[in-house]
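Below are the chains, spelled out letter by letter.
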Amino acid sequence: MKIFKAAVVAACLATPAYAVNCTFTTECFESEACAETSYEIAIEQDGEATKLVSVAETIPVSRGGSDSARVYVGVTDSAFHLLSRNADGNARYTTHMYQGPMVVSYLGTCEEPS
């Protein structure tokens, strides 16, 4: 029974307290024409810590805004990250890479957990 309880506690600790899933269907690279894509990122909130989590990386971010519009800003060794979303769920995520420099923008939606 102790092993089961330990596994349950570990699973709870590994799960963020709150997560918003964002799906981006349009990608714009620099001045090239935008194209269809399939890119996902989660906004995870656990206590005071907020991070953007994708298959590529986890980015600690600061958050701001209000109930009508939220922004998340993070800085890594390679890029500046900005995700904004409004109350309707419409979202834009941009990565400003230092090398180049170059910018990639994504358009999509974020959904609140149900």
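Structure: above.
Residues numbered from 1 in each chain as written. Predicted model: local features only at pLDDT ≥ 70, side-chain atom pairs only at ≥ 80, totals over all residues. Heavy atoms only, no water.

Engineer: I'd love a proper account of the overall build of the protein chain, names of residues and values included.
Structural biologist: Looking only at helices and strands, the protein chain has one helix and eight strands in total. The N-to-C order of helical and strand elements in the protein chain reads α-β-β-β-β-β-β-β-β. Out of the 114 residues belonging to the protein chain, those deemed buried represent 28%. Residue pairs at least 24 apart in sequence account for 31% of intrachain contacts in the protein chain once pairs closer than 6 positions are excluded. Of the roughly 7500 Å² of accessible surface on the protein chain, a fraction of 56% belongs to carbon and sulfur atoms. (Helix = DSSP H or I, 4+ residues; strand = E, 2+ residues; numbered from the N terminus. Buried < 20%, exposed > 50% of the residue type's maximum accessible area, 1.4 Å probe, protein only. Contact = heavy atoms within 4.5 Å. Areas by Shrake-Rupley, 256 points an atom, 1.4 Å probe, with all protein chains shown as cover.)

Engineer: Just give me the short version of the sheet that holds strand E3 (residues 49-53), but keep the residues and values in it.
Structural biologist: Think of a sheet as strands paired side by side through backbone hydrogen bonds, with each pair either parallel or antiparallel. Pairing is antiparallel in the closed barrel, where eight strands are placed in the order E1-E2-E3-E4-E5-E6-E7-E8. Strand-to-strand, the axes of this sheet are offset by a mean angle of 30°, without reference to chain direction. The pairing of strand E1 (residues 18-29) with strand E8 (residues 102-111) spans eight bridges and is antiparallel. Paired with Asn 21 across the bridge in E8 is Glu 111. (Pairing = 2+ DSSP bridges. Axes fitted to C-alpha atoms, helices over the stretch in contact; angles between N-to-C directions.)

Engineer: Residues and numbers for the nonpolar core, please.
Structural biologist: With 16 residues, the main nonpolar core has Cys 22, Phe 24, Ile 41, Ile 43, Leu 52, Leu 83 and Tyr 93 as its most contacted residues. Taken together, the elements giving at least two residues each to this core come down to E1, strand E2 (35-46), strand E4 (58-65), strand E7 (90-97) and E8. Not counting chain neighbours up to four residues away, the residues in contact with Leu 83 comprise Cys 22, Phe 24, Ile 41, Ile 43, Leu 52, Arg 70, Val 71, Tyr 72, Arg 92, Tyr 93 and Cys 110. (Core = buried A, V, L, I, M, F, W, Y, C linked by side-chain atoms within 4.5 Å.)

Engineer: Describe the state of the cysteines, with residues and values.
Structural biologist: Within the structure shown, the criterion is met by two disulfides. Paired through a disulfide, Cys 22 and Cys 110 show a sulfur-sulfur distance of 2.0 Å. Judged by the sign of its S-S torsion, about 105°, the bond between Cys 22 and Cys 110 is right-handed. Taken together, the residues Cys 22 in strand E1 and Cys 110 in strand E8 connect sequence positions 88 residues apart. Assigned by exposure class, Cys 22 and Cys 110 land together as buried. (Disulfide = S-S within 2.5 Å.)

Note that every value here comes from positions in space, so none of it alone points to a role or purpose.
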